[in-house]
Amino acid sequence: MQVYSIPNSIKKDSKFTFCKGCDHGVAIKIIAEIIDELNLRENTVAISSSGCSVLLYDFLDIDCLEAPHGRACAVATGVKRAHRAKGEEKFVFTYQGDGDFASIGLGESMHSALRGENITAICINNTNYGMTGGQMGPTSIMGQLTTTSPLGRNKEYHGFPIKTAEQIALCEGTKFSARVALYDVKNILKAKKTIKKAFECQLKNKGFSFVEILSSCPTNWKLSAQDSHKKIAEELTKIYPLDIFKDTIDD
Amino acid sequence: MIEKSLLKGNIAIARAALNCGCSCYFGYPITPQTEIGEFLSLEMQKRNLAYVCAESEIGAINMALGAASSGQKVMASSSSCAVALMQETLSYAASDELPIVLVNVMRAGPGQGYIYPSQGDYNQATIGGGNGDYKTIVLSPSSVQECIELTYKSFYLAQKYRNPVILLVDGLLGQMAEPATITQNPYPDIDTSSWRLDGAKDRPSRNIHSLEPNQNKLNQHVLKLYQKYQQIEQSEPDWEEYLCDDAEIILTAFGTMARSAKAICNHFREQGIKMGVFRPITLYPFPYKRLRELSFKAKYIIDIEMNMGQMLKDVRLGVLSNSQISFIGKPVGDWLKKEEIINAIKNIIKEQYASI
């Protein structure tokens, strides 16, 4: 019989402070499980950024550093390189939202991928700016109603969204790029396996690894948790397909 | 005897950084500081140290922020309009209490301006353009030799106080070669093991962040930072006095402008006029107290800068006597000529010194 337990890398006194139905909790939990399974806790520095994702350090019982909005991949580059300068390899990953990674921070994100920086970036894509109350983000889909696209996102007026995992896969330095979702158990397990693979890419010193997580934002989507997951399964995955866009870890 | 060599300011800074154990450098090209990054690119790579030609100055300073969390000696360098891009992260570094040495070899502004000489970033450095209540230590060299010594001191103060330090260098000095000696770093290394992030091994996990949703905690955090700044203001003001003891006229100037001021002082001294030069070396903390003491004997305080009077307001804050405070300056271009300054001074002091 398997007894459920909280991962070692989750702080014992942490309380769930995200909105109800938000997928951040699941994402952080599976990351913590992977950190435990790969025995990384004592050798990891995690970088969070601005937005809901910044709260990572409230939950993970590992060394964490906060980056200014959008700069997580640059900060992670500095962390990784600095430890390497004294001959130590630390495991370094970022935990960012889609606005952070793909809008304000696209320059830092993409250049880290282009350089093949040996770090892992995890990007929570909930198709809006969650913490500020649901504004249109770089990933908001066509027709999406947000507080700054009240008539729906429109290509003539607002322009197109970014398919982050596909774009990052195009960079030569990227060795692994995938998109996963968390809307049911099967996908959670698949997401865990995928993130683990991205982490292993770094452990094998292969280069930049990236996982985009389609994630619910029930509060700003104004849907129940169940309907949010249904929206991801039936609507978002059509626009943002779940796939591994690049895996050249073993090349 | 320690040998002197002909050294350019930028190279002197880069060599001093290497010499005192700087293991991480991040930069992006901008004139007139580019030689720092060019020189370090090979030297750091040869030593397997961290060097990244960043995608932007924003990238560079944030790499420095990340590297600083490892407790090592970290430097970035840039110039004026590009240092403007880095201000956000300086505010973060101050709040996070992360030691970063940032070298600003100044060019002329505002905006892109040009690469002409100017001291236009005094305000940017000492007041700062980041948000919130924070302070950055600012050191100002006036010779290539002092570029070396103050580079050492920048790393030391950054780690001692866990605070960003700006080495504010005139473009003229960065580009100028003069005899100097690469001395040994006189400062001890600071133990960073109590706060650095290097994996939660045999200790509780640590996190470094500036976000604080609890208003009381945020309030306490800023108050704690200000206790540190108070200590810095008490312990670290540094300055040079030249013939100030009996001076009735005190010229105030920073950086290379202070060298001109000394030459001018000599000129007036030859005519029997009791003039001296007061040069702040730390622009933050500004040596208010000493300037205040000296000002009680002075009839005139004349501030000379290659800008429109940025240090002038600190001079005014320092001087509590009835001394007349005047300003001579020029924002951009060829350094003020000796004759121009002499004539301007004569004009200011003519009522009291009719003979000259």
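Residues numbered from 1 in each chain as written. Chains lettered and ligands numbered in written order. Predicted model: local features only at pLDDT ≥ 70, side-chain atom pairs only at ≥ 80, totals over all residues. Heavy atoms only, no water.

### Some words on the overall build of chain A
- Secondary structure assignment for chain A yields nine helices and seven strands.
- The C-alpha atoms of chain A give a radius of gyration of 17 Å, which matches the 18 Å a tight globule of 251 residues would have.
- Each principal axis of the C-alpha atoms in chain A carries an extent, and together these give about 55 × 45 × 30 Å.
- Across the 251 residues in chain A, those meeting the buried criterion constitute 58%.
- Taking the contacts inside chain A whose residues are at least 6 apart along the sequence as the reference set, 69% of them involve residues at least 24 apart. (Helix = DSSP H or I, 4+ residues; strand = E, 2+ residues; numbered from the N terminus. Rg over C-alpha atoms; globule rule 2.2 N^0.38 Å. Buried < 20%, exposed > 50% of the residue type's maximum accessible area, 1.4 Å probe, protein only. Contact = heavy atoms within 4.5 Å.)

### Here's the deal with the nonpolar core
- Counting residues in hydrophobic clusters, the biggest one holds 112 residues, and the most contacted among them are A:Ile47 and B:Met75.
- When residues in this core are grouped by element, the largest group, ten residues, is from helix α7 (residues 144–161) of chain B.
- When residues of this core are assigned to domains, at least three map to each of domain 1 (5–191 + 209–235) and domain 2 (241–349) of chain B.
- If sequence neighbours within four positions are ignored, B:Met75 has contacts with B:Ile13, B:Ala17, B:Cys22, B:Cys24, B:Tyr25, B:Phe26, B:Ile36, B:Leu40, B:Val101, B:Val103 and B:Phe155.
- If you look at the next biggest cluster of nonpolar residues, it comprises 37 residues, including A:Ile10, A:Ile62, A:Tyr95 and A:Ile124. (Core = buried A, V, L, I, M, F, W, Y, C linked by side-chain atoms within 4.5 Å. Domains from an automatic or database assignment.)

### A look at the pattern of salt bridges
- Summed over the entire model, instances satisfying the criterion amount to 38 salt bridges over all chains.
- With a shortest N-O distance of 2.6 Å, A:Glu37 and A:Lys192 are connected by a salt bridge. On the criterion of sequence distance, the pair formed by A:Glu37 in helix α1 (residues 24–37) and A:Lys192 in helix α7 (residues 185–203) is long-range, its members being 155 residues apart.
- Using a relative accessible area of 16% as the deciding quantity, one classes A:Lys192 as buried.
- A salt bridge links B:Glu97 to B:Lys224, with the nearest nitrogen and oxygen atoms 3.0 Å apart. (Salt bridge = Lys/Arg side-chain N within 4 Å of Asp/Glu carboxyl O.)

### Describing the domain arrangement of chain B
All names here are of chain B.
- Domain assignment breaks chain B into domain 1 (5–191 + 209–235) and domain 2 (241–349).
- One C-alpha centre belongs to domain 1, the other to domain 2; they are set 27 Å apart.
- Taken together, the contact pairs 33 residues of domain 1 with 24 residues of domain 2.
- Of all residues in domain 1, the largest losses of buried area upon contact with domain 2 belong to Gln-119, Tyr-122 and Ser-142, amounting jointly to 32% of the total for that side.
- Where Arg-279 meets Glu-146, a salt bridge forms, and the shortest distance between an N and an O atom there is 2.8 Å.
- Where domain 1 touches domain 2, the interface holds 20 residue pairs in polar contact (both at pLDDT 80 or more).
- Counting only elements with at least two residues in the side of domain 1 that touches domain 2, the list comes to α6 (122–126), β6 (137–139), α7, β7 (165–170), α8 (171–175) and α9 (215–235).
- For the side of domain 1 that touches domain 2, the per-class residue count stands at 17 nonpolar, ten polar and six charged. (Buried area = accessible area lost by both parts, 1.4 Å probe. Polar contact = N/O pair within 3.5 Å; in protein donor to acceptor, adjacent residues only side chain to side chain. Nonpolar A, V, L, I, M, F, W, Y, C, P; charged D, E, K, R; others polar.)

### Digging into the side chain of B:Asp303
Residues and elements named next belong to chain B.
- Relative to the helices and strands, Asp-303 resides in strand β14 (residues 300–305).
- Of the polar contacts made by the side chain of Asp-303, one reaches the side chain of Thr-252; its length is 2.8 Å.
- Polar side-chain contacts of Asp-303 include one of 3.4 Å to the backbone nitrogen of Leu-312.
- In this structure, Asp-303 is in contact with Thr-252, Ala-253, Met-311, Leu-312, Val-315, Ser-326, Phe-327 and Ile-328, ignoring residues within four places of it in sequence.

### Remarks on the environment of B:Leu211
- Summarising the element assignment, B:Leu211 is placed in the loop between β9 (207–208) and α9.
- Measuring from C-alpha to C-alpha, the distance between B:Leu211 and B:Asp96 comes to 9.5 Å, with 115 residues separating the pair along the chain.
- For B:Leu211, the residues in contact, after removing those within four places along its chain, are A:Val54, A:Leu55, A:Tyr57 and A:Glu66.

### Topic: the side chain of A:His83
- With respect to the element layout, A:His83 can be found in helix α3 (residues 72–85).
- Once you skip the residues sitting within four places of it in the chain, A:His83 turns out to touch A:Glu88, A:Lys90, B:Ser70, B:Gln72, B:Leu197 and B:Asp198.

### Some words on α7(B)
All names here are of chain B.
- For α7, spanning 18 residues, the distance from its first C-alpha to its last is 25 Å, which sits close to the expected 26 Å at 1.5 Å a residue.
- Extensive coverage of α7 is indicated by the burial of 16 of its 18 residues.
- One or two positions beyond α7, positive phi appears at Arg-162, with a value near 45 degrees. (Expected span 1.5 Å × (residues − 1).)

### A closer look at the packing of helix α3 (residues 57–68) of chain B against helix α5 (residues 87–96) of chain B
Residues and elements named next belong to chain B.
- At a minimum axis distance of 10 Å, the contact between α3 and α5 shows a crossing angle of 10 degrees. It follows from the interaxial angle that α3 and α5 lie roughly parallel. Every residue of α5 that contacts α3 at Ile-61, Asn-62 and Leu-65 is listed here: Thr-89, Leu-90, Tyr-92, Ala-93 and Asp-96.
- Among the residues making up the contact of α3 with α5, the classes are represented as five nonpolar, two polar and one charged. (Axes fitted to C-alpha atoms, helices over the stretch in contact; angles between N-to-C directions. Parallel < 35°, antiparallel > 145°, perpendicular 65-115°, else oblique.)

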